[in-house]
Amino acid sequence: MGRSESTDRRMEGDEARIIGELATSLGAGAQYLRSVAASPPADKGAYLLLLRLDAPLDLRLLHSEIRLCSGYYVYAGNAYGSGGIGARLRRHLWRDKRLHRHIDRLTGIADAIHAFAVPDGHECVIVAQLLATGRFDVPVPGFGSSDCRHCEAHLLRLRPRAF
């Protein structure tokens with residue numbers, strides 16, 4: 001059974017509000033990317049994905065099973081390699097890909113994905129800024145941060161009714 005038109009409008013309004021708040025939290029240098037395909041930024045730096053899950057999701061990561069509740073999640077990553085932010089975002093937004101990173105399991109099935117570029121930014125700074133707002137928590141310790149010595153995770157969950 002599909003969602004009602006009023007539910008779709010409410011979700012669009014919620015997403016627009018969340019996108020606006022994230023843009024404010026990320027600061028003046030961040031760019032919300034309406035379409036990565038139209039003008040992918042070649043800058044090196046960090047990026048943020050906003051993902052919406054309409055239903056709970058069970059995932060297997062290495063030797064553990066996790067469940068993500070429906071709702072909004074953000075993932076912060078770095079893109080300092082060749083192709084910069086644009087190349088990394090194109091890969092994340094490509095649905096049919098080899099699963100290499102933790103986040104690949106979400107980007108392949110999320111119901112909506114939005115992206116921000118943060119030229120010269122760093123994923124750990126983004127995570128710290130968002131956690132400091134009190135609007136986010138860590139749903140799965142270690143998710144997306146297995147090579148990071150500073151962050152509990154690079155995937156954060158937007159607390160219900162946080163915005």
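Within every chain, residues take consecutive numbers counted from 1 along the sequence as written. Selection of residues for local features in this predicted model requires a pLDDT of at least 70, selection of side-chain atom pairs for listing and counting requires 80 or more, and totals for whole chains, interfaces and linings are taken over all residues. Just so you know, side-chain values use all the structure's heavy atoms and leave hydrogens and water out.

Engineer: Provide a residue-level description of the sheet that holds strand 1 (residues 31–33), including the pertinent values.
Structural biologist: Note: two strands are recorded as paired if DSSP finds a minimum of 2 bridges between them. Under the scheme used here, helices are H or I runs from DSSP no shorter than 4 residues and strands are E runs no shorter than 2 residues, and both carry numbers assigned from the N terminus. Strands sit in the order 1-6-2-5-8-7 across an open sheet of six strands; the sheet is antiparallel. Of all strands in the sheet, those bounded by a partner on one side alone are strand 1 and strand 7 (136–137). By the convention used here, residues are in contact when the closest approach between their heavy atoms is within 4.5 Å. Axis lines are fitted through C-alpha atoms, for helices just across the contact stretch, and the angle between N-to-C directions can take any value from 0 to 180 degrees. Lying over the sheet, helix 2 (residues 84–93) contacts strand 1, strand 2 (45–53), strand 5 (71–79) and strand 6 (112–119), oriented at roughly 20 degrees with respect to strand 2. Relative to the sheet, helix 4 (residues 123–132) contacts strand 2, strand 5, strand 6, strand 7 and strand 8 (155–158), its axis offset from that of strand 5 by approximately 150 degrees.

Engineer: So what's going on with the nonpolar core? Residues and values would help.
Structural biologist: Looking at soluble globular proteins, one finds that nonpolar side chains tend to be buried together. Nonpolar cores were defined as sets of buried Ala, Val, Leu, Ile, Met, Phe, Trp, Tyr and Cys residues, with membership established by side-chain atoms within 4.5 Å. The buried label applies to any residue whose accessible area, calculated with a 1.4 Å probe on protein chains only, is under 20% of its type's maximum; exposed applies above 50%, and partly exposed to all values in between. Core analysis: the biggest nonpolar cluster contains 24 residues, and Leu49, Leu51, Leu68, Ile103, Leu106, Phe143 and Leu155 have the highest contact counts within it. When residues of this core are traced back to their parent elements, those giving at least two are strand 2, strand 3 (57–61), strand 4 (64–68), strand 5, helix 2 and strand 6. The element contributing the most residues to this core is strand 2, with four residues. In this structure, Leu48, Ile126, Val127 and Leu156 belong to the second largest nonpolar core, which totals 22 residues.

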